[in-house]
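Each chain, letter by letter, is given below.
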Amino acid sequence: MAKIYIYGGSGHGLVCADVASSVGYDEIVFLDDKSDMKFSPNLPKADIFIAVGDNKTRSVLTKRVLDAGFSLVSLVHKSAVISQSVALARGVLVMPNAVINAKAVIKMGAIINSSAVIEHECVVGEFAHISPNASIAGAVKVGDFTHVGIGSSVIQGVNIGENCIIGAGSVVVKDIADNQKAYGVPARVV
């Protein structure tokens, strides 16, 4: 019997549990700091996954579980298509029908959501979130803690800084500096 703790009891936690089940975990225990079943360093050790959508909170909880000696795992849905040359860090979520192509690097705690496309040689930063149906062309860099909104597109070779928000349905055609919000077609910093 394979056991995993899913740390986060919201809707995001439910979809993470579905992915965990799809890859063979048959005992799923939800932990949530707002419920009776809270995380504790004294819990019996098992695999754990941080199922919190907020990028900063996911980072804090990741540090908490690693400091407590738990085995932080990545969850990759069986329907995802991932090149053998991809570098996938711990704590990454890859949702159904996502595609990650050659030599991409997905850093710790990142979310590659349903049907997202990450093309060749992209780098997705720590605790970044690439939303459903977003498409990132070749050699794009997405900074740590950045959120690329649902249905957005990023042309090849663009750099998006850290702590950015790219609005839903946007088309990013030029670099975006750190700590910016941008949206539209083409995306403009606001």
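Residues numbered from 1 in each chain as written. Predicted model: local features only at pLDDT ≥ 70, side-chain atom pairs only at ≥ 80, totals over all residues. Heavy atoms only, no water.

K.L.:
Would you mind showing me how to read the UniProt feature "domain: PglD N-terminal" (unreviewed entry) in the protein here?
P.N.:
According to UniProt, the positions carrying the feature "domain: PglD N-terminal" (unreviewed entry) are residues 3-64. Helix makes up 35% of residues 3-64 and strand 23%, and the two end C-alpha atoms of the span are 19 Å apart. (UniProt positions renumbered as here; feature names shortened; annotations may be inferred. Helix = DSSP H or I, 4+ residues; strand = E, 2+ residues; numbered from the N terminus.)

K.L.:
What is the right way to look at the sheet that holds strand S13 (residues 123-124) in this model?
P.N.:
Consider a sheet: its strands pair through backbone hydrogen bonds, and that pairing is either parallel or antiparallel. In space, the 5 strands of this open sheet follow the order S7-S10-S13-S16-S19, with parallel pairing throughout. The sheet is open, and its two borders are formed by strand S7 (87-88) and strand S19 (159-160), each paired with just one other strand. In terms of strand pairing, S7 meets strand S10 (residues 105-106) through 2 bridges, oriented parallel. Residue Ala-87 lies in a different strand from S10, and its bridge partner there is Val-105. (Pairing = 2+ DSSP bridges.)

K.L.:
Teacher, can you tell me more about the environment of Leu-88 here?
P.N.:
With respect to the helices and strands, Leu-88 occurs in strand S7. When the C-alpha atoms of Leu-88 and Ser-152 are compared, they prove to be 22 Å apart, with 64 residues separating the residues in sequence. Leu-88 has contacts with Val-76, Val-94 and Ile-106, leaving out every residue within four places of it along the chain. (Contact = heavy atoms within 4.5 Å.)

K.L.:
I would appreciate a short explanation of the pattern of salt bridges in the present structure.
P.N.:
Think of it this way: side chains of opposite charge can pair up when their charged atoms draw near. Per the counting criterion, the structure on display carries 2 salt bridges. Here Asp-33 and Arg-64 are joined by a salt bridge, their closest N and O atoms 3.1 Å apart. You can see Asp-33 sitting in the loop between strand S2 (27-31) and strand S3 (47-50) and its partner Arg-64 sitting in helix H2 (residues 55-67), a full 31 residues away along the chain. Taking the relative accessible area as the measure of exposure, Asp-33 reaches 36% and is therefore partly exposed. Note that Asp-67 and Lys-63 form a salt bridge whose closest N and O atoms lie 2.6 Å from each other. In this pair, Asp-67 and Lys-63 are both assigned in helix H2, 4 residues apart and thus about one turn of the helix distant. No difference in accessibility class separates Asp-67 from Lys-63, as the two residues are exposed. (Salt bridge = Lys/Arg side-chain N within 4 Å of Asp/Glu carboxyl O. Buried < 20%, exposed > 50% of the residue type's maximum accessible area, 1.4 Å probe, protein only.)

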